[in-house]
Structure formats: C-alpha cells, structure tokens
Amino acid sequence: MVEYLFALLNDRLRPRWRRVLLFGGIGALVLGLLGAMLSSRPDAWTPFLSLVWRPVHAVSPPQRERPLPDRLREFNLTVGRVRWELAPGRVVDAYAYNGQIPGPVLRAVEGDTVRVSVTNTLTEPTTIHWHGVAVPAGMDGVPELSQAPIPPGGSFTYEFVATPAGTRWYHAHVNEQAQQGHGLAGALIVEPRHTEGPQPDREYVLVMGQWAAVTGTGRIATPTLGRSGDMDGMMGGGMGNMMVKASAPVSADAFTINGKTYPSTPALTVRQGERVRLRLINAGTTDTQAFALAGHKLRLTHSDGNPLARPVDAGAVTLGVGERADVEFVAVHPGRWQLRGLMPGHADHGLAIDVVYAGHEGDPVRGFSPGATLRPATYADFTGPTHLALPDRTYELTLSGGMMGSTAWTINGRSYPQTEPLIVRRGERVRLKLFNMSMVDHPMHLHGHTFQIVGIGGRPVNGPLKDTLTLHPMEQYEIEFVANNPGRWLFHCHNLVHMDGGLMAEIQYR
Ligand code: C2O
Ligand code: CU
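Residues numbered from 1 in each chain as written. Chains lettered and ligands numbered in written order. Predicted model: local features only at pLDDT ≥ 70, side-chain atom pairs only at ≥ 80, totals over all residues. Heavy atoms only, no water.

### What about the overall build of the protein chain?
The condition that has to hold: For helices the rule is a DSSP run of H or I covering at least 4 residues; for strands it is a run of E covering at least 2, with both sets numbered from the N terminus onward. A 1.4 Å probe rolled over the protein chains alone gives each residue an accessible area, and that area as a share of the maximum for its type sets the label: buried under 20%, exposed over 50%, partly exposed in between. Here, residues are in contact when the closest pair of their heavy atoms is within 4.5 Å.
Broken down by element type, the protein chain carries five helices and 34 strands. Taken across its 510 residues, the protein chain has 55% of its residues classed as buried. Long-range contacts, defined as pairs at least 24 residues apart, comprise 78% of the intrachain contacts of the protein chain with a sequence gap of at least 6.

### As for the sheet that holds strand β7 (residues 155–161)
Backbone-to-backbone hydrogen bonds pair the strands of a sheet. The strands run either parallel or antiparallel. Filter applied, for reference: Paired strands are those between which DSSP finds at least two bridges. What counts as an axis is a line fitted to C-alpha atoms, over the stretch in contact for a helix, and the angles between N-to-C directions run from 0 to 180 degrees.
Spatially, four strands are ordered β3-β2-β5-β7 in an open sheet, and the strand pairing comes out mixed. The sheet terminates laterally at β3 (90–97) and β7, the two strands that pair on one side only. Neighbour-to-neighbour, the strand axes of this sheet turn through a mean angle of 25 degrees, independent of strand direction. Relative to strand β5 (residues 113–120), strand β2 (residues 72–87) runs parallel, the two being bridged by eight bridges.

### So, the coordination of the copper ion (ligand 2)
The line we're drawing: Donor atoms (N, O, S) are those found within 2.8 Å of the metal centre, with the cutoff raised to 3.2 Å for Na, K and Ca; water is not part of the atom list, so apparent gaps in a site can occur.
Binding of the copper ion (ligand 2) to the protein goes through His-442 (ND1), Cys-493 (SG) and His-498 (ND1), at separations of 2.0 to 2.1 Å. On the primary sequence, the residues serving as donors to the copper ion (ligand 2) are separated as H-x50-C-x4-H. With His-442 in strand β27 (residues 442–446) and Cys-493 in strand β33 (residues 488–493), the pair connects residues that are 51 residues apart, well separated along the chain. By relative accessible area, His-442 is classed as buried at 0%. With relative accessibility at 0%, the residue Cys-493 sits in the buried group.

### With respect to unusual backbone geometry
The residue after Tyr-262, namely Pro-263, is reached through a cis peptide bond having omega 5 degrees. Here Pro-263 lies in the loop between β12 (254–257) and β13 (268–270). Phi at Asp-304 is positive, roughly 55 degrees, even though this residue is not glycine. With respect to the helices and strands, Asp-304 occurs in the loop between β16 (298–303) and β17 (306–314). On the accessibility criterion, Asp-304 (0% relative accessible area) is buried. The phi angle at Asn-412 is positive, at roughly 50 degrees, despite the residue not being glycine. Looking at where Asn-412 falls in the secondary structure, it is placed in the loop between β24 (409–411) and β25 (422–424).

### A short note on the side chain of Glu-328
Worth spelling out the cut-off: For the purposes of these results, a polar contact is taken to be a pair of N or O atoms within 3.5 Å, where, inside protein, one atom must be able to donate a hydrogen and its partner to accept one; residues adjacent in sequence count only when each atom of the pair is a side-chain atom.
Within the secondary structure layout, Glu-328 lies in strand β19 (residues 324–330). Overall, the relative accessible area of 10% leaves Glu-328 in the buried class. Only 2.7 Å separates the side chain of Glu-328 from the side chain of Arg-275, close enough to count as a polar contact. Sequence-distant contacts of Glu-328, defined by excluding residues within four places in its chain, comprise Pro-200, Arg-275, Val-276, Arg-277, Lys-297, Leu-298, Arg-299 and Thr-301.

Structure (structure tokens):
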C-alpha cells in the first residue's frame, strides 16, 4: 500500500499535484485529530485510527459512494426446528433460521440501521447475538445479562447500527451447543461505506459448522478419535504458534460448509483471471480449523472482518471458533481444486469444498502434492494500527481447567458465575493480559467491543483489531479495548464446551 502511494506520488503526479495531495493529506489528518479531540464520543478515535493506519486513503482513486436508497435494512428471521440433509441420505434433527442452514446472509452498509424481527417457533427460549458488531447492550442477545430470552412462541426485534464494517456473524446465545451447534448461525456482512481500490471480482461467504450428536441436555456425546495424518507432511516447518494436536479427539460427527458435508458442498465457481474473496467464518462449536486451497496462494486481508494494515500471504489460514478471515486468491490455474480443512480428521468428516473454473466442471479434483509444506499465518504476521496510548486499567487473566477430565474451566481459578467481573469506566483503555495455562485452544471473544492485540508473548506489537483471539496452549497475549459501549458484556471462550464449563467473565461499566 505504502509503496503504491509513493509510486503514485513520484511517477504519476506532477509536482503541483504532489503538493496538493501532500498538504491535503496532512490537512485531513489534522482535522481528524481535532475532530476526535473535540468530540465527546470516546469512540471517535476509530475513524481517526483508520485514517492514520491506511495512508493510501489520501491518494486512492475517488472513493465509490454506494447508492443509499434507504438506510434501513429490515430482515425477518423465524427460528424453528428442521430435518436437515447434511449429505444425501444423511439427515439430522436441526435448528434453522428461516428453514435454512446456515441462516440467510444478511447484508448492510456500514452506518445503516439494521432491524431484525425474530419469531421463535421453538419449544425453548432463544436469542440472537451479533458477533463482532458494536450493538447497544440491550441488543446483544445474552439472556438475563442484556435481554430477556425470547420465549417459545414469542418475538423480539433487534435494532442496531451496522458497525464496524466487515465479516460479522450471528448466532443463538441460549443452549449454544444445541442451538448454535445444530444450525442457528449465519453471516452478517457489513460493507464499508467507502471502498478503496479495485474490489474483488467475486465473493463467497463460507460458514463452517461442526455437528455432534446431542443428548437431551444438549451436551456433546462422547467424542470419537479422529485420524491424524492430514497435517503431517502438509504443514512441516514454520508452524509458528500453531499447535497441531495430533492426538486430539475430533469432537464432531460432521463438519459442514454452508450446511453440507464434502462432497455435497456446492462447488465455488470462478472464472480464469478473477480475483476471488472468500469470507471464512468458523461457526463451529469446539475445534480450531485450518484451511488451504490446492494450487493457489491465499492472501489474508482481514481478520475477524477488520482490515490488516498489510495483507499477509499465507500457506494456510487458521480460525478458532468464532473467528473469521477474509482471504483472496487469483484464479490463475484452471481446473477443479480443493479448499480443504487441514486439522486432523476435519476433511475426512466433511470440511472441504471444491473451487471449479468455468469450463472445468468435469475435471478431476486436484488436491495438494504429497509432502507439500504449508505455512499457516499466525497473529505475529498480522498488523494493525499503531498503538500509542498506555492503558488506564489492566487485568491479568489466567485461563485454565479441564484437569483430569474435569468439566470445569476457569479464569483465575474460578468458573462463571464465580469469576471476578472486570470493572471498567467509560472512556478507559482497558488492557487484558491473557495466559493460557492449559493444553487446549481457547478462542476468547469479547462482546460489544473491538480489541487490538498489543502484546504477544510479552513483546509489544501493533497487532490486528479483533473480537476473538485464539490462545494456543501456554500462549500469552495482551489485548486492549476502549470502553466505549456501556452495559454488561461477556468475555468468554467460544469453545462452547469450555463456555458451558465456566470459562467466562463479565465486563461491567461503573
Ligand atoms: Cu459469538 Cu458470546 O458469542
Ligand atoms: Cu476454551
């Protein structure tokens, strides 16, 4: 991006225009700073940050304003039970929004008002959580904390401003292992109001589900041991902080992409020469996933929907539960290629989808060459805005549990609701020092706020903006958020078994 800027400045523009742009850019920065300082809204730094952190704004081609016929986006979601066909002949009892799994892709432009009327036809209560969206507390969908659960036969209308832009998602926040784990999840795409540079030629949204047999209580049945080996050879050196748990049980009977298991996942059609964006959403229940596309390089542009300061070329992309990645590839190798889940056992249980070039529908599927080594991108590769300020308040949180087969998962030795609430004041910068003192991943999700990774293993970084951070075993991170959305909020592990086991704390504004 920066190189592009300089190239533009030096090669394309006459000196007079160079000056105009330079001073224009500085003027915009000063105005942004002044505006942020004068504004009484504590979150006013956000647009300013985006200005600083993507300087290409100043000279990029004229911004394309999207047509705004109506800034209110209305949707209806009916929550019900269905019999769902994961693959021909494989039908399961499931939950669905509007009878479909995943739920419909909801699209809005940043700043639009989104209004979603939800009707609950279940025999149990439900709610919807808008994961990654800065909704007002009363719209966050956490039963008792932020709203009364929607009773059987009841309805509720969610209304919020679509912000920030990016790949967001929505899911049930009641009896999650059963409801989210068996269909109640969908994508919410918030388009940026201004787009910069050429957009991808084509886009697909892939919502990954993870299915387990449930008993009457909604607990996941005894896991079966998955086959290891998929990873071996495919991901050799440079594993970074990704831990491969070769012996980890696959706690699922099936993995789905957009509701189907491979090879029933409908292929993604592309044309030669196109730049294709995939919005990947791990809407599973417990497992960290990893993906690679045979024959193509993936370029990771957004993490949890938020743009990276610099895109990252990745051999593979990993996603803890709840995390999203926007990746792009250029369709330069005609044929039929597999996008494949790389964690042991995942692809064998259905986590794959074909990318098919137009005219090559009949080609045999091509996978990875034997012994290929794919380097997954890690958080250390991701960059975000420059982090300047010091925190007003710091909490140290040690994540642990699961000892000797225990079902209790803890923060600082306590399980929710005994965990100590994190008290914040409006406007504060709050830092959380997180340490995973256990041998499994914890995808930690903060409701209602975006945080930045500011430290990895004790080293300060200008890391990415996220809402879900996966700590691999024994890892340590520092994250920071601005307390700009008063209410009661959850900070919890998105592994639903850990969440139910108490790995959760409350954020309370004083
Ligand atoms: Cu995506 Cu509390 O959840
Ligand atoms: Cu966890």
